[in-house]
Amino acid sequence: MNELLETARKLDGEDELRHFRDKFWIPPHGNGASQMYFCGHSLGLQPKVVESAMQEELRAWRELGVSGHFSGSPAWIDYSDRLKELLAGLTGAKPVDLAVMNTLTVNLHLMMVSFYRPEGRRRKILIEQHAFSSDRYAVESQLRYHGYNPAECLLQIEPESGGRIIEESRIESILQRHGEEIALVLWPGVQYASGQAFDLSRIAAAGHAAGARVGFDLAHSIGNMPLALHDSGCDFAAWCHYKYLNGGPGAVAGCFVHERHSRDESLPRFEGWWGNDLKSRFRMDPEFAAAPGAEAWVLSNPPILAMTPLRSSLELFHEAGMNRLRRKSRAMTAWLFDHIAAELGGLLEIITPSDPDRRGCQLSLCVREGREAGRRLFLHLEDRGIITDWREPDVIRIAPVPLYNRFEDCALLLGCVHDWAAGFRGAA
Ligand SMILES: *Cc1c(COP(=O)(O)O)cnc(C)c1O
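Quick caveat, the model's predicted, so the values are computed rather than measured.

### A look at the overall build of the chain
Consideration 1: Along the chain, the regular secondary structure elements total 15 helices and 15 strands.
Consideration 2: Taken over C-alpha atoms, the radius of gyration comes to 23 Å for the chain, in line with the 22 Å a tight globule of 428 residues would show.
Consideration 3: Burial analysis of the chain (428 residues in total) assigns 56% to the buried set.
Consideration 4: Contacts in the chain between residues at least 24 apart in sequence constitute 70% of all its contacts with a sequence separation of at least 6.
Consideration 5: For the chain, the exposed surface amounts to about 18,300 Å²; the carbon and sulfur share of it is 51%.
Consideration 6: Across the chain, the 47 positively charged side chains and the 56 negatively charged ones have centroids separated by 1 Å.

### Digging into the pairing of strand β9 (residues 236–239)
Consideration 1: In β9, alternate side chains face the same way, and those of F236 and A238 on one face and A237 and W239 on the other are all buried.
Consideration 2: Examined bridge by bridge, strand β8 (residues 213–217) and β9 share three bridges and lie parallel to one another. Looking at β9, one finds that F216 is bridged to A237.
Consideration 3: Here β9 runs beside strand β10 (residues 254–257); their pairing, made up of four bridges, is antiparallel. Paired with A238 across the two strands is C255, which belongs to β10.

### A short note on the nonpolar core
Consideration 1: If you look at the biggest cluster of nonpolar residues, it comprises 63 residues, and the most contacted ones within it are L87, V185, W187, F216 and W239.
Consideration 2: In terms of residue count, helix α12 (residues 304–320) provides more of this core than any other element does, seven residues in total.
Consideration 3: If you count residues domain by domain, this core takes at least three from each of domain 1 (2–34 + 322–427) and domain 2 (54–318).
Consideration 4: Those residues in contact with L87 that sit more than four places away from it in its chain are L98, V100, I222, W239, H241, L245 and L314.
Consideration 5: Grouped together as the second largest cluster of nonpolar side chains are 35 residues, A8, L365, V367 and C416 included.

### Here's the deal with the site of the ligand
Consideration 1: The full set of residues close to the ligand is L104, T105, F132, D135, D217, A219, H220, C240, Y242 and K243.
Consideration 2: One of the side-chain nitrogen or oxygen atoms of D217 is found 3.2 Å away from a nitrogen atom of the ligand.
Consideration 3: Interatomic distance of 3.1 Å between a side-chain N/O atom of Y242 and an oxygen atom of the ligand.
Consideration 4: In isolation the ligand exposes 390 Å². Once the protein is present, 84% of that is buried.

### Observations concerning a nonpolar patch on the surface
Consideration 1: On the surface, F70, W273, L278, F282 and M284 cluster together into a nonpolar patch covering about 560 Å² of accessible area.
Consideration 2: In this structure, F70 sits in helix α3 (residues 68–71).

### What to know about empty space enclosed by the protein
Consideration 1: Across all of its chains, the model carries four cavities of 30 Å³ or more by this definition.
Consideration 2: Here the largest cavity defines a volume of roughly 60 Å³.
Consideration 3: In terms of lining residues, the largest cavity is bounded by G40, G223, K243, Y244, N246, F317, V401, P402, L403 and Y404.
Consideration 4: Two domains each provide a minimum of three residues to the lining of the largest cavity, namely domain 1 (2–34 + 322–427) and domain 2 (54–318).

### Some details on helix α1 (residues 2–13)
Given 3.6 residues per helical turn, the α-helix brings residues three or four places apart onto the same face.
Consideration 1: The terminal C-alpha atoms of α1, which comprises 12 residues, lie 16 Å apart, in line with the 16 Å expected from a rise of 1.5 Å per residue.
Consideration 2: Among the residues making up α1, those that are buried are L4, L5, A8 and D12. Within α1, the buried residues cover an arc of 95 degrees as seen down the axis, which keeps them to one side. Residues of α1 that are exposed and angled more than 90 degrees away from the buried face: N2, E3, E6 and K10.

### Re the sheet that holds strand β15 (residues 395–398)
Consideration 1: Overall, antiparallel pairing links the four strands, which are arranged β11-β12-β15-β14 in an open sheet. Edge positions in the sheet fall to β11 (348–350) and β14 (389–391), since each has one partner strand and no second. Here the strands of the sheet are splayed against their neighbours by 35 degrees on average, with no regard to which way each runs.
Consideration 2: Strand direction decides the pairing type here: β11 and strand β12 (residues 363–367), joined by three bridges, are antiparallel.

### Re the domain arrangement of the chain
Consideration 1: On domain assignment, one finds that the chain holds domain 1 (2–34 + 322–427) and domain 2 (54–318).
Consideration 2: Just the C-alpha atoms count here: the centres of domain 1 and domain 2 sit 30 Å apart.
Consideration 3: A salt bridge links D394 to R164; its shortest N-O distance comes to 2.9 Å.
Consideration 4: Where domain 1 touches domain 2, the interface holds nine residue pairs in polar contact (both at pLDDT 80 or more).
Consideration 5: In terms of residue count, helix α13 (residues 322–344) provides more of the side of domain 1 that touches domain 2 than any other element does, three residues in total.

Rules and cut-offs
- Residues numbered from 1 in each chain as written.
- Predicted model: local features only at pLDDT ≥ 70, side-chain atom pairs only at ≥ 80, totals over all residues.
- Heavy atoms only, no water.
- Helix = DSSP H or I, 4+ residues; strand = E, 2+ residues; numbered from the N terminus.
- Rg over C-alpha atoms; globule rule 2.2 N^0.38 Å.
- Buried < 20%, exposed > 50% of the residue type's maximum accessible area, 1.4 Å probe, protein only.
- Contact = heavy atoms within 4.5 Å.
- Areas by Shrake-Rupley, 256 points an atom, 1.4 Å probe, with all protein chains shown as cover.
- Lys, Arg positive; Asp, Glu negative; His and termini not counted.
- Charge placed at Lys NZ, Arg CZ, Asp CG, Glu CD.
- Pairing = 2+ DSSP bridges.
- Core = buried A, V, L, I, M, F, W, Y, C linked by side-chain atoms within 4.5 Å.
- Domains from an automatic or database assignment.
- Near = heavy atom within 4 Å.
- Polar contact = N/O pair within 3.5 Å; in protein donor to acceptor, adjacent residues only side chain to side chain.
- Patch = residues over 30% accessible without salt bridge, like charges linked within 9 Å, V, L, I, M, F, W, Y side chains within 5 Å.
- Salt bridge = Lys/Arg side-chain N within 4 Å of Asp/Glu carboxyl O.
- 1 Å grid on protein atoms, 1.4 Å probe; cavity = no way out; pocket = protein on both sides within 12 Å on 5 of 7 lines; lining within 4 Å.
- Points joined across faces, edges and corners; volume = space filled by probe spheres on them.
- Expected span 1.5 Å × (residues − 1).
- Arc of directions from axis to C-beta.
- Axes fitted to C-alpha atoms, helices over the stretch in contact; angles between N-to-C directions.

Shown next as structure tokens:
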């Protein structure tokens, strides 16, 4: 075990991104110790700079009042421009095709208003059987809103024979078979429970070949995997900013609309004043003049105080660079994966794909003994300050994120699982 810790510390010493950890608050555990925080996939940690950035915006509001819209630094009127610039690098999109607004589920609804256009026999929505609850509720309520019965019009793909992974080829063959009935494909970039990453270009191409529209939910992809949204060809994408992007609890979310739709006047859309072109926005004309790109979908003026933490965190991503982050992420997750598979494989099943191209940093574990044993391991870790999370029915998710996790954290996690396993075998 000490050997493992030594190796881990050596790897941390060689990590070119190691100083980024000091830019985050790591929650405390016990006297003077910190948590081993493996929950960046659920709620990213607070960058230390957020506090002063918030103070700065409060000062601007205090001292500038309404003129902060134009004379603040940055001015609130174009506050989201910098966010979109920074997000462009993370999403592989042009800033004009991005919007920062609302929250993820709201954005899924707004996107479906435009891109779920049932017609004749083509009215079904295709999702995965184990879709995130909110995505399912959003899709089913959209179907009902259009007067359809979800029992008939929601098409679900289940993983192959009892497994947890869905091959892209399976999605393709279902699209080939049922294509003329499918109006929309809504698919995750990384599946929240299994951690499987999907080939987005391939799914977008298959959906389009079948005549459907294709949208992605990137809640578990953004800040975790490099993305090429424009090139993927998808029609839209939506994500939240509080997971890997550390934008703070309930942070304002993001949205992508492919360039080819930006001037399509036949697309229906729910509109508000902020979607009006800036040139005429404040003329308060009765006619709506759409802003170019995804901005046309923005309803309201941006919540500056809610966007400030996101801005701070995006600057850190920019400084670290997604390529370097991904390189570290692949190395750290593979290291953890290999140790678990080699030393704890009898106890734990890793349901996340072993191929690093088919996963981000998250690994999802099931205790082979069953749900109860899994709950006990999860609580055992939590008691020792090792923060993972539990997803029903039986999954422990761990995400060593490259911005603030260390190989040392992974070594301590492994040590703790080894201890538990020894006790577990002793009791059995
Ligand atoms: C986290 C997550 C959500 C949460 O949506 P909010 O509307 O931001 O609360 C929705 N869908 C998926 C796939 C998620 O991972």
